[in-house]
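# Commentary on secondary and tertiary structure
Read off the chains here:
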Amino acid sequence: MLVCALALVLLWVLPLAWALATSLKPEAETARTPLRWIGSEITFDAYERVWESGDLGRWLFNTAYISVMTTVLTVLLCAMAAYGFSRTEFRGRRMLYGLVLAGIMVPPQVLMAPLFAEMVSLGLVDTYWGVILPQIAVPAMVFILVKFFEGVPRELEEAAYVDGAGRWRVFWQIVMPLSRPVLAAVAIFTFIQTWNNFLWPFLVTTDPNGMTLPVGLVNVQSSYGVRYAQMMASVIVGGLPLLVVFALFQRQIVRGVAHTGLAGQ
């Protein structure tokens, strides 16, 4: 088991280490053969050029704002939908829940054209909300939360109803606090997915001031051709915040997956 774990760690760490080493080489040595891990000197020119060639600060702010807002709205919307499916009986419930689950099997790329047309008709192109709104309805997260809510003892809610609490109060003061591990996992997964999302922000934003970090860095690279040191520096800059998030919240991720009941499925 230890050998397998070390092999997996190497498979993940080696590409990251190579990207970091390449970003610190002089550009002329990035494609030199035979390949070497360390160049003749360690230089931060690639990072300086990436910073100077684009509005990196603005792109970082845009990405952080969109990721945080998308995460908050996704958690709220999916939690309310999941609680409704797991606790409320209404006509057509199974059919509607089946449609939500069917959405898991639909590739997001299939929906890009109608979503873009909808954003155009609503006048949301080149706006934050044009990027955020299509990303907050996530069927997979609804499914995960439904599985968790089904494991919450109904006796706790029934006791609250006896004490005079309404459904909204039960949801906010009992169910949501009990769901912190899975909500944290859903939030982290959503944040990472939104931060890395390239295709939708690329389609719906044309103003450089409204671009997210992945879109802005790709535009910079395409403007100056393939420069491997700058490309790897862009990868490091774009991925570093996610590594920090994962390092800080890895315990919540593990606990959230374990509490959903999906760990062994």
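All residue numbers refer to positions counted from 1 along the written sequence of the respective chain. This being a predicted model, a pLDDT of at least 70 is required before a residue's local features are given, and a value of 80 or more before pairs of side-chain atoms are given or counted; all residues contribute to the totals for chains, interfaces and linings. To get the side-chain values, all heavy atoms of the structure are used, and hydrogens and water are removed first.

To continue, consider a nonpolar patch on the surface. A cluster of nonpolar side chains, namely V9, W12, V13, L16, L240, L243, V244, L248 and F249, defines an oily patch on the protein surface of about 800 Å² accessible area. When contributions to the nonpolar patch are tallied by element, the ones reaching two or more residues are α1 (2-23) and α13 (228-260). If one sorts the elements of the nonpolar patch by residue count, α13 sits on top with five residues. A run of H or I in DSSP counts as a helix once it spans at least four residues, and a run of E counts as a strand once it spans at least two, with each numbered from the N terminus. Relative to the helices and strands, L16 resides in helix α1. Within the patch definition used here, like charges are joined within 9 Å and nonpolar side chains (Val, Leu, Ile, Met, Phe, Trp, Tyr) within 5 Å, considering only residues with over 30% relative accessible area and no salt bridge. The protein chains shown are the only cover counted for residues, whose accessible areas, like all others here, come from Shrake-Rupley with a 1.4 Å probe. Any carboxyl oxygen of Asp or Glu that lies within 4 Å of a side-chain nitrogen of Lys or Arg is treated as forming a salt bridge with it.

A few words on the packing of helix α4 (residues 93-102) against helix α7 (residues 139-149). Axis angles are defined between N-to-C directions and span 0 to 180 degrees, where every axis is a line fitted to C-alpha atoms and, for a helix, only to the segment in contact. α7 packs onto α4 with a crossing angle of 125° between their chain directions and a minimal axis gap of 8 Å. Taken together, the axes of α4 and α7 are oblique relative to one another. Contacts between α4 and α7 involve Y97, V100 and L101 from the first element and P139, V142, F143 and V146 from the second. Three classes are used: nonpolar for Ala, Val, Leu, Ile, Met, Phe, Trp, Tyr, Cys and Pro, charged for Asp, Glu, Lys and Arg, and polar for all others, with Gly counted as polar. Looking at the contact of α4 with α7, its residues break down into seven nonpolar, no polar and no charged. Geometric relationships in this document are graded by angle, where less than 35 degrees denotes roughly parallel, more than 145 denotes roughly antiparallel, 65 to 115 denotes roughly perpendicular, and other angles denote oblique. Pairs of residues are marked as contacts when any of their non-hydrogen atoms sit within 4.5 Å.

Looking at the element boundaries, T70 is found in helix α3 (residues 56-87). For the purposes of these results, a polar contact is taken to be a pair of N or O atoms within 3.5 Å, where, inside protein, one atom must be able to donate a hydrogen and its partner to accept one; residues adjacent in sequence count only when each atom of the pair is a side-chain atom. A polar contact of 2.7 Å, which involves the side chain of T70, links it to the backbone oxygen of I66. Among all residues touching T70, those that are not within four sequence positions of it are I132, Q135, I136, T190 and T194.

Moving on to the side chain of T212. You can see T212 is positioned in the loop between α11 (199-204) and α12 (213-224). Ignoring any residue separated from it by four or fewer positions in sequence, one finds T212 in contact with W59, T63, I66, N197 and P201.

This paragraph deals with the environment of W18. With respect to the element layout, W18 can be found in helix α1. Judged by relative accessible area, W18 falls into the partly exposed class, the value being 24%. In this structure the C-alpha to C-alpha distance between W18 and M232, which are 214 residues apart in sequence, comes to 8.8 Å. Type-normalised accessible area, obtained with a 1.4 Å probe on protein chains alone, sets the label of each residue: buried when under 20%, exposed when over 50%, and partly exposed for intermediate values.

No statement about biological role is implied by the geometric values presented.
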